[in-house]
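A closer look at the structure
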Amino acid sequence: MSTHASDPLAALGSLPGVAEAVDSVRKAVDRVYGHRVMRRRSNEISSEAALRGARGSAALSGADWALEEVRRRTDFSADAEARTVGAALRLGAEAGQLLSIWRQSPLRVLARLHLVAAGDTGVPGGAGVADSVGRPRLDGETVDEPLIGAPLPTPAEVAGRLDGLAELIVAGSQAPALVTAAVVHGELLALRPFTSYNGLVARAAERIALVGSGLDPKAICPAEVGHAEQGRAAYLAAFEGYLSGTPEGVGAWIAHCGRSVELGVRESTAVCEALQRGAA
């Protein structure tokens, strides 16, 4: 059995508020999976969750579009906001294709996520920075991530911490899925390993961790919806707690991520109810 020395993520389960958050998330997820609509229309719920999750993630990155606008648009190259929404949609579609690779090669998945987010023409700054896509940033390269203003770790520190995170994922953990997903999300925000789209990639990786763990195997609980609903100020405040490294701060970040999952559950429950009424 894993010990806290060999399984550091497991120790986070005892931080203030974490056990309660884990229990609350588990109950919420179980409730939506038990909805009668899920027995026959789960694919529709998954598709709608991906769309709404993409909208929420893009909103946190500065492109706060109405859901119906995201749904109707086909051109996502017109300006920076459109590129952000397009990147979020591509990530939502790609995440499910990477589940089998995540536990074996998480760094490969992260590189792929950044490549997908950037797209053919979606790299801020144009073709001149295209060679930075799909790899960690180098010395002297700038980072386009307007939401997060915390000091940037050096590329050397990024490389070391990414390797450490990958080792934890490959080794597996007895930690609850919420804990692992929140740490993945928080580390990627802290490191901002790529020159662009780090927030979108971090939230997509959180989603992969939640789905791949078995907590949300059908991908119907979009945490991105909850992160957006709680607002950018609350998101940043919780992230500052993670950055602090204190038990209270890290515990609060995990609890914040848990509440985001619960709000994603609420969103999908509303979709289930609408389908049941014939309104969607």
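Up top is the structure these notes are about.
A brief structural summary. (Residues numbered from 1 in each chain as written. Predicted model: local features only at pLDDT ≥ 70, side-chain atom pairs only at ≥ 80, totals over all residues. Heavy atoms only, no water.)

1. What about the pattern of salt bridges?
Using the following cut-off: Put simply, a salt bridge is a Lys or Arg side-chain nitrogen that is within 4 Å of an Asp or Glu carboxyl oxygen. Under the DSSP-based scheme used, a helix requires at least four consecutive residues in state H or I and a strand at least two consecutive residues in state E, with every element numbered from the N terminus. Think of it in three bands: residues with accessible area under 20% of the maximum for their type are buried, residues over 50% are exposed, and the middle band is partly exposed, with areas taken using a 1.4 Å probe on protein chains only.
The full count for this structure, using the stated rule, is 16 salt bridges. Here Asp23 ties to Lys27 by a salt bridge, and the two come within 3.2 Å at their closest N and O atoms. Of this pair, Asp23 and Lys27 are both found in helix 2 (residues 18-33), four residues apart, which corresponds to roughly one turn of the helix. On the accessibility criterion, Asp23 (38% relative accessible area) is partly exposed. On the basis of relative accessibility, which here comes to 47%, the residue Lys27 falls in the partly exposed class.

2. Here we look at the nonpolar core
Heads up, the condition is: Think of a nonpolar core as a cluster: buried Ala, Val, Leu, Ile, Met, Phe, Trp, Tyr and Cys residues, connected wherever their side-chain atoms sit within 4.5 Å. Contacts are assigned to residue pairs with any non-hydrogen atoms lying within 4.5 Å of each other.
Ranked by size, the top nonpolar core spans 84 residues in total, and within it Trp102, Leu110, Leu113 and Trp253 carry the most contacts. Take this core: its biggest share by element is eleven residues, from helix 9 (residues 177-191). Among residues more than four places away in sequence, those in contact with Trp253 are Ala182, His185, Gly186, Leu189, Tyr235, Ala238, Phe239 and Tyr242.

3. Points about the side chain of Glu187
Note on placement: Glu187 falls in helix 9. With relative accessibility at 11%, the residue Glu187 sits in the buried group. Filtering out sequence-adjacent residues up to four positions away, Glu187 remains in contact with Arg161, Leu165 and Tyr242.

4. Overview of empty space enclosed by the protein
This is how the line gets drawn: For cavity detection a 1 Å grid was placed over the protein atoms alone, and a set of points counts as a cavity when a 1.4 Å probe fits there but cannot get out; an open set counts as a pocket when protein lies on both sides within 12 Å along at least five of seven lines, with lining residues being those that have an atom within 4 Å of a point. Grid points are joined across faces, edges and corners, and a volume is the space filled by probe spheres set on the points. Under this grouping Gly is polar, as are all residues other than the nonpolar Ala, Val, Leu, Ile, Met, Phe, Trp, Tyr, Cys and Pro and the charged Asp, Glu, Lys and Arg.
One pass over the structure, following the stated rule, counts one cavity of 30 Å³ or more. Here the largest cavity defines a volume of roughly 90 Å³. For the lining of the largest cavity, the secondary structure elements donating two or more residues are helix 3 (38-60), helix 5 (80-95) and helix 10 (198-212). The residue inventory of the lining of the largest cavity, partitioned by class, reads seven nonpolar, three polar and three charged.

5. Comments concerning the side chain of Arg137
Our working definition: His residues and chain termini do not enter the charge count, which takes Lys and Arg as positive and Asp and Glu as negative. We call two N or O atoms a polar contact when they sit within 3.5 Å, provided that within protein one can donate a hydrogen and the other can accept it, with sequence-adjacent residues counted only if both atoms are side-chain atoms.
The topology assignment puts Arg137 in the loop between helix 7 (106-118) and helix 8 (155-171). As a buried residue without a salt bridge, Arg137 has its nearest oppositely charged side chain in Asp139, at a separation of 6.8 Å. Here the side chain of Arg137 touches Pro153 through a polar contact of 2.9 Å, landing on its backbone oxygen. Within the structure, Arg137 has its side chain in polar contact with the backbone oxygen of Leu191 (distance 2.9 Å).

6. Side note on the layout of surface pockets
Taken as a whole, the largest pocket spans an internal volume of roughly 280 Å³. In terms of lining residues, the largest pocket is bounded by 13 residues, among which Arg103, Ser173, Thr180, Ala209 and Ser213 are the most central. For the lining of the largest pocket, the secondary structure elements donating two or more residues are helix 8, helix 9 and helix 10. By residue class, the composition of the lining of the largest pocket is seven nonpolar, five polar and one charged. The computed volume of the second largest pocket comes to approximately 230 Å³. Lining the second largest pocket are 14 residues, with Ser61, Thr84, Asp144, Pro146 and Tyr197 sitting closest to its centre. Ranked by the residues each element gives to the lining of the second largest pocket, the list is headed by helix 5, at four residues. Looking at the lining of the second largest pocket residue by residue, the classes come out as six nonpolar, four polar and four charged.

7. Observations concerning the state of the cysteines
Applicable threshold: Here, two cysteine sulfur atoms that lie within 2.5 Å of each other are counted as a disulfide.
With the rule as written, the count across this model stands at zero disulfides. The thiol of Cys257 is not disulfide-bonded; the next cysteine sulfur, from Cys221, is found 14 Å away. Here Cys272 is not disulfide-linked; the sulfur of Cys221 is the nearest cysteine sulfur, at 9.6 Å.

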